[in-house]
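One-letter residues, chain by chain:
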Amino acid sequence: MKTINRTVLLITPKQPYIDWANSFEDDGPSLSGDELHHTAILIPDAYDEYNYENWLKKNYQDIFLFELESWMVVPESFPEMTFKAFKEWFEAKVAETVIDMGKGPVEMEEY
């Protein structure tokens, strides 16, 4: 077991995101509060539960865009991506200890 020099930022959609995702009249799936996806983001370990918002304020737009595009790729449907809107649409939690219990090397892929 090894620790990783990162902090985990866990992003969870709130009701405004669910409402937005379910507003499209297409043949796609719908979301409910019981079926939420979560996104785990590794951020520098200099940020912990006391100061992660400093990092988030600088990077929230990339996360917001990723979350929106994971559901719908029509930019015209996107809300204004302010930090205030991000906080209304998503919950962010941190875990300052990351433990790698996997076997083999960590593989990275460009997104």
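Our subject is the structure that appears above.
Read on for a plain summary of the structure. Values in this document were obtained by computation on a predicted structure and should not be read as measured data.

So, the nonpolar core
Part 1 of the reasoning: With 23 residues, the main nonpolar core has Leu9, Ile11, Trp20, Leu56, Ile63, Phe64 and Phe86 as its most contacted residues.
Part 2 of the reasoning: For this core, the secondary-structure elements that each account for two or more residues are β2 (6-13), α1 (15-21), β3 (39-44), α2 (52-69), α3 (83-89) and β4 (90-95).
Part 3 of the reasoning: The element best represented in this core is α2, accounting for 7 residues.
Part 4 of the reasoning: For Leu9, the contacting residues outside a window of four places in its chain are Thr39, Ala40, Ile41, Ile43, Tyr52, Trp55, Leu56, Ile63, Ala92, Lys93 and Val94.

Description of the side chain of Ser77
Part 1 of the reasoning: Topologically, Ser77 is positioned in the loop between α2 and α3.
Part 2 of the reasoning: Within the local environment of Ser77, its side chain forms a polar contact with the backbone oxygen of Val74, the two atoms lying 2.7 Å apart.

A look at the pattern of salt bridges
Part 1 of the reasoning: Considering all chains together, one arrives at 3 salt bridges under this definition.
Part 2 of the reasoning: Here Glu53 and Lys87 are joined by a salt bridge, their closest N and O atoms 2.6 Å apart. Taken together, the residues span a long stretch of sequence, with Glu53 in helix α2 and Lys87 in helix α3 at a distance of 34 residues.
Part 3 of the reasoning: The closest approach of N and O atoms between Lys93 and Glu91, which form a salt bridge, is 3.8 Å.
Part 4 of the reasoning: Under the relative-accessibility criterion, Lys93 is labelled partly exposed at 48%.

Topic: the sheet that holds β4
Part 1 of the reasoning: Pairing is antiparallel in the open sheet, where 3 strands are placed in the order β3-β2-β4. Lying at the two open borders of the sheet, with one neighbouring strand each, are β3 and β4. Neighbour-to-neighbour, the strand axes of this sheet turn through a mean angle of 30°, independent of strand direction.
Part 2 of the reasoning: Pairing of β2 with β4 involves 6 bridges; the strand directions are antiparallel. What sits directly across from Thr12, in β4, is Glu91.
Part 3 of the reasoning: Running at roughly 140° to β3, α2 makes contact with β2, β3 and β4 of the sheet.

Side note on the environment of Asn51
Part 1 of the reasoning: Within the secondary structure, Asn51 sits in the loop between β3 and α2.
Part 2 of the reasoning: Distance from Asn51 to Val73, taken between C-alpha atoms, is 32 Å for residues 22 residues apart in sequence.

Here is what the cut-offs are and how they apply
- Residues numbered from 1 in each chain as written.
- Predicted model: local features only at pLDDT ≥ 70, side-chain atom pairs only at ≥ 80, totals over all residues.
- Heavy atoms only, no water.
- Core = buried A, V, L, I, M, F, W, Y, C linked by side-chain atoms within 4.5 Å.
- Buried < 20%, exposed > 50% of the residue type's maximum accessible area, 1.4 Å probe, protein only.
- Helix = DSSP H or I, 4+ residues; strand = E, 2+ residues; numbered from the N terminus.
- Contact = heavy atoms within 4.5 Å.
- Polar contact = N/O pair within 3.5 Å; in protein donor to acceptor, adjacent residues only side chain to side chain.
- Salt bridge = Lys/Arg side-chain N within 4 Å of Asp/Glu carboxyl O.
- Pairing = 2+ DSSP bridges.
- Axes fitted to C-alpha atoms, helices over the stretch in contact; angles between N-to-C directions.

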